[in-house]
Amino acid sequence: GILPVHEAILLTYMKMLEEITYSKDKYGKYIECVICLKEFDELEKLFQIPNCRHIFHEHCLRKWFKQLQICPMCRGNIIKLPMSRSESDDQLVV
């Protein structure tokens, strides 16, 4: 069947994330999920936001993205957006 719009959007955002395996050596500056405040376990599967590299539990991000489609930690975009052209670029020079 066809997914409701919010479910389709959620699925799209979840597909943009990178799945990682947590290790304190590699991700030590992040010790807990800022959504649920639970500490990350060594070798736990987590999801990383491509743009800012912040990491979270999958189920936490699923709930979060139903409300907001930005990073829970820095409020930045999930992916880097293409640069918008300035208005001066659109003006025709005669």
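Quick note: structure is the one above.
Predicted model only: the values in this text are computed from it and were never measured.

Asker: In this structure, what is going on with the pairing of strand S2 (residues 45-48)? I would like to understand it.
Answerer: Look at any regular strand and the pattern is simple: side chains alternate between the two faces of the sheet. In this sheet, S2 lies alongside strand S1 (residues 18-21) in antiparallel orientation, the contact comprising four bridges. Along S2, the bridge assignment pairs Ile20 with Leu46. Across two bridges, S2 lies against strand S3 (residues 55-56) in antiparallel orientation. In the sheet register, Phe47 faces S3, and the bridge partner there is Phe56.

Asker: In this structure, what is going on with the pattern of salt bridges? I would like to understand it.
Answerer: Close approach of charged atoms lets side chains of opposite charge pair. Across all of its chains, the model carries three salt bridges by this definition. Between Lys38 and Asp41 there is a salt bridge; the shortest N-O distance is 3.6 Å. Of the residues examined, Asp41 reaches a relative accessible area of 42% and is grouped as partly exposed. Glu58 serves as the salt-bridge partner of Arg62, at 3.2 Å between the closest nitrogen and oxygen. Highlighted residues: Arg62 and Glu58, both in helix H3 (residues 58-67), separated by four residues, approximately one helical turn.

Procedures and definitions
Along each chain, the written sequence defines residue order, and numbers are assigned to residues from 1. A pLDDT threshold of at least 70 governs which residues receive local features in this predicted model, and a stricter bar of 80 or more applies before side-chain atom pairs are shown or counted, although totals over entire chains, interfaces and linings include all residues. Only heavy atoms go into the side-chain values, all of them from the structure, while hydrogens and water stay out. Strands are treated as partners if at least two bridges between them are detected by DSSP. Runs of H or I in DSSP of at least four residues are treated as helices and runs of E of at least two as strands, each being numbered from the N terminus. Here, a salt bridge means any side-chain nitrogen of Lys or Arg that lies within 4 Å of a carboxyl oxygen of Asp or Glu. A simple rule labels every residue: compare its accessible area, found with a 1.4 Å probe on the protein chains alone, to the largest value its type can have, and call it buried under 20%, exposed over 50%, or partly exposed in between.

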